[in-house]
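Listed below, chain by chain, are the residues.
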Amino acid sequence: MTRPKDLTRLARLVPSGPTLLIIGVLAGLAVPALADAVRPLMAAAIFVLVFGTFLQIDGAAFRRALRRPLVWLLLPVLAMLVCPLAVAFAARGAGLQAELIVALVLSVCAPPSSGTAAVARMLGFDATIPLAVTLLSMALAPVTVPLIAAGFADLALDPLALATRLALLVGGAGALALLLRRQAAARLVQYSRTIDALVLASLLVFAIATMAGVRTQIETQPIAAATCVGLAFACNLGLQALGALLTPGPLAERLTTGLVLGNRNVGLVWSAMGAAVSPMTALFFAATQFPIYMTPRLIEMLVRRARKEEASP
C-alpha cells in the first residue's frame with residue numbers, strides 16, 4: 001500500500017510545469033515519430049486547455065477584471081493593434097528580408113495564446129486577467145488580423161472563417177465549463193488539482209505536437225531555422241519586456257501582461273492562411289513555439305529570485 005509520504009516523495013521527483021513544457025518541446029523535436037503521432041490530438045488538447053482554464057476561473061473575479069479599462073480596452077488594443085504595427089515598422093527599419101517581415105507581422109497580429117491563462121496559473125499568477133484579455137483579443141481578431149495581413153502581407157483572410165474557428169474553440173469550451181460550474185461548483189473545488197493536471201497534460205501534448213515536422217525543417221534549412229528561432233525569441237522576449245514595463249502594479253501582474261503580449265496563437269493565423277503559407281513563414285511560425293514553451297521556466301526563476309530577495313532581511 002502506497003503511503004502519503006511515498007506519494008509526496010514521488011511528487012517531488014516530478015518536474016515543475018514550466019520544466020515539463022520544455023521537456024515536451026525537446027521530446028517532440030528529438031523523437032519526430034512521437035510528434036507526428038500526437039499531432040492529430042492538437043485540437044482536443046486546445047479544447048481541454050481552454051475548458052480547464054474556464055473551470056478554474058472565479059466568475060466574480062472575472063467580472064471585476066472586465067470592469068478595468070486596462071483589461072477591456074488597453075491591453076486588447078495593445079495586443080491586437082499596437083504590437084503588430086510596432087513590430088512591422090521595427091522589422092522594416094532593421095532591414096529584414098521581406099519574407100521574415102511578413103512572418104513576424106502575421107505571428108504578432110494573432111491573438112494571445114489560448115494557453116496563456118493556464119501558464120499564468122501554473123506560475124502562481126492570477127489567470128483571470130490573461131483569460132479576459134485573450135477572449136477580448138479573440139473578439140477583435142476577425143477584424144484586426146485580416147486588415148493587418150492585407151496591409152503588410154498582401155494576404156486576403158476570411159473574417160467569417162476566423163470568427164467561426166474562434167467561436168467553436170472558445171464558445172464550446174466556455175459553454176460546457178459554465179454548465180458544469182452551475183451544476184457542480186463544489187465538486188470542482190475538490191478536484192481542482194485534477195483539473196490542473198489535465199490542463200498541464202493538454203499543454204504538454206500541444207507542446208509535443210507543435211514540433212511535428214520541425215526537425216526536418218531544421219535539418220534541411222539549418223541557417224534559416226537558426227535565424228527564425230533567434231528572431232522568434234527576440235520578438236517574444238521584447239514584447240514580454242514591453243508588457244512588463246508598461247503595466248503598473250506588482251511583479252506578477254507585470255509578468256502576466258508580458259505573457260499575454262509575447263505568446264501568440266499563431267496556429268489560428270496559420271490555419272486561416274492555408275496554402276498561402278510560404279516555407280519561410282511556416283518555419284518561423286514553428287520557431288515561435290520555442291519561446292512560448294521555454295520562457296515560462298525563465299519567468300519561474302525570476303519570480304523565485306524576487307521572492308527570496310523579499311523574504312531576506
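Residues numbered from 1 in each chain as written. Predicted model: local features only at pLDDT ≥ 70, side-chain atom pairs only at ≥ 80, totals over all residues. Heavy atoms only, no water.

Draft legend 1. Fine view of the overall build of the chain. From N to C terminus, the chain includes 17 helices and 0 strands. In terms of C-alpha radius of gyration, the chain reaches 19 Å, essentially the compact-globule figure of 20 Å for 313 residues. Projected onto its principal axes, the C-alpha positions of the chain cover 60 × 45 × 45 Å. Partitioning the contacts of the chain with sequence separation of at least 6, the portion at a separation of at least 24 is 82%. A total of about 15300 Å² of accessible surface is found on the chain, and carbon and sulfur atoms cover 67% of it. Side chains of the chain give 24 positive and 13 negative charges; the mean places of these two sets differ by 9 Å. (Helix = DSSP H or I, 4+ residues; strand = E, 2+ residues; numbered from the N terminus. Rg over C-alpha atoms; globule rule 2.2 N^0.38 Å. Contact = heavy atoms within 4.5 Å. Areas by Shrake-Rupley, 256 points an atom, 1.4 Å probe, with all protein chains shown as cover. Lys, Arg positive; Asp, Glu negative; His and termini not counted. Charge placed at Lys NZ, Arg CZ, Asp CG, Glu CD.)

Draft legend 2. Summary view of the environment of Phe-233. Looking at the secondary structure, you find Phe-233 in helix α13 (residues 222-246). As for Phe-233 and Met-294, which are separated by 61 residues in sequence, their C-alpha atoms are 9.6 Å apart. Setting aside residues up to four positions removed in sequence, Phe-233 forms contacts with Phe-290, Pro-291 and Met-294.

Draft legend 3. Spatial organisation of the confidence of the model for the chain. On average, residues of the chain score 87 in pLDDT, and 94% of them are at 70 or above. Counting contacts from residues 6-13, a segment whose pLDDT is below 50, to residues more than four positions away or on other chains yields 1 contact. (pLDDT = per-residue confidence, 0-100.)

Draft legend 4. Quick peek at the nonpolar core. Of all hydrophobic cores here, the largest spans 99 residues; its most connected members are Leu-106, Val-145, Met-273, Phe-284 and Tyr-293. Element by element, the count of residues in this core is highest for helix α9 (residues 128-153), at 11 residues. Aside from chain neighbours lying at most four places away, what touches Tyr-293 is Pro-18, Leu-21, Ile-22, Val-25, Leu-203, Phe-206, Ala-207 and Thr-210. (Core = buried A, V, L, I, M, F, W, Y, C linked by side-chain atoms within 4.5 Å. Buried < 20%, exposed > 50% of the residue type's maximum accessible area, 1.4 Å probe, protein only.)

Draft legend 5. Spotlight on the state of the cysteines. Under the defined criterion, the tally for this structure stands at 0 disulfides. Free of any disulfide, Cys-109 has its nearest neighbouring cysteine sulfur in Cys-235, separated by 11 Å. With no disulfide of its own, Cys-235 has Cys-83 as its nearest cysteine by sulfur position, at a separation of 8.6 Å. (Disulfide = S-S within 2.5 Å.)

Draft legend 6. Focus on the packing of aromatic side chains. Under the criterion given, the structure shown has 4 aromatic pairs. Both rings, one in Phe-47 and one in Phe-51, keep their centres 6.3 Å apart while their planes meet at 15°; by these two values the pair is stacked. You can see Phe-47 and its partner Phe-51 sitting in helix α4 (residues 42-56), 4 residues apart, about one turn around the helix. Taking the centre distance of 6.4 Å and the plane angle of 45° together, the rings of Phe-206 and Tyr-293 count as tilted. One end of the pair, Phe-206, is in helix α11 (residues 192-209); the other, Tyr-293, is in helix α17 (residues 289-311), and 87 residues separate them in sequence. The pair formed by Phe-206 and Tyr-293 is uniform in burial state, with each residue classed as buried. (Phe/Tyr/Trp six-rings, centres within 6.5 Å; stacked < 30°, edge-to-face > 60°.)

Draft legend 7. Structural detail: the side chain of Thr-144. With respect to the element layout, Thr-144 can be found in helix α9. The residues contacting Thr-144, other than those within four sequence positions of it, are Met-80 and Leu-81.

Draft legend 8. Examining helix α7 (residues 98-109) more closely. Spanning 12 residues, α7 covers 17 Å between terminal C-alpha atoms, matching the ideal 16 Å at 1.5 Å per step. By the criterion of burial, α7 is predominantly enclosed, with 9 of the 12 residues buried. Those residues of α7 lying buried are Leu-100, Ile-101, Ala-103, Leu-104, Val-105, Leu-106, Ser-107, Val-108 and Cys-109. Check the buried side of α7 and you find it contacts α6 (69-93), α9, α13, α15 (266-273) and α16 (279-287). (Expected span 1.5 Å × (residues − 1).)

Draft legend 9. Structural view of the packing of helix α2 (residues 17-30) against α11. The interhelical angle for the contact between α2 and α11, taken along N-to-C directions, is 30°, at an axis separation of 7 Å. The angle between α2 and α11 places the two elements in the roughly parallel class. The handedness of the crossing between α2 and α11 is right-handed. Within the contact between the two elements, α2 uses Gly-17, Leu-20, Leu-21, Gly-24, Val-25 and Gly-28 and α11 uses Leu-200, Leu-203, Leu-204, Ala-207 and Ile-208. Per-class residue counts for the contact of α2 with α11 are 8 nonpolar, 3 polar and no charged. (Axes fitted to C-alpha atoms, helices over the stretch in contact; angles between N-to-C directions. Parallel < 35°, antiparallel > 145°, perpendicular 65-115°, else oblique. Left-handed = near helix turned anticlockwise from the far one by under 90°. Nonpolar A, V, L, I, M, F, W, Y, C, P; charged D, E, K, R; others polar.)

Draft legend 10. Local environment of α16. Of all the 9 residues making up α16, 8 are buried; the element is thus mostly covered by neighbouring parts of the structure. Taken as a whole, α16 has its buried residues at Met-280, Thr-281, Ala-282, Leu-283, Phe-284, Phe-285, Ala-286 and Ala-287. Where α16 is buried, its residues touch α7, α12 (214-220), α13, α15 and α17.

Draft legend 11. Examining the packing of α6 against α13 more closely. α13 packs onto α6 with a crossing angle of 125° between their chain directions and a minimal axis gap of 12 Å. When the axis of α6 is compared with that of α13, the two are oblique. By crossing handedness, the relation of α6 to α13 is classed as right-handed. For the pair formed by α6 and α13, the contact residues are Leu-78, Cys-83 and Val-87 on the first element and Cys-235, Leu-239, Leu-242 and Leu-246 on the second. The residue inventory of the contact of α6 with α13, partitioned by class, reads 7 nonpolar, no polar and no charged.

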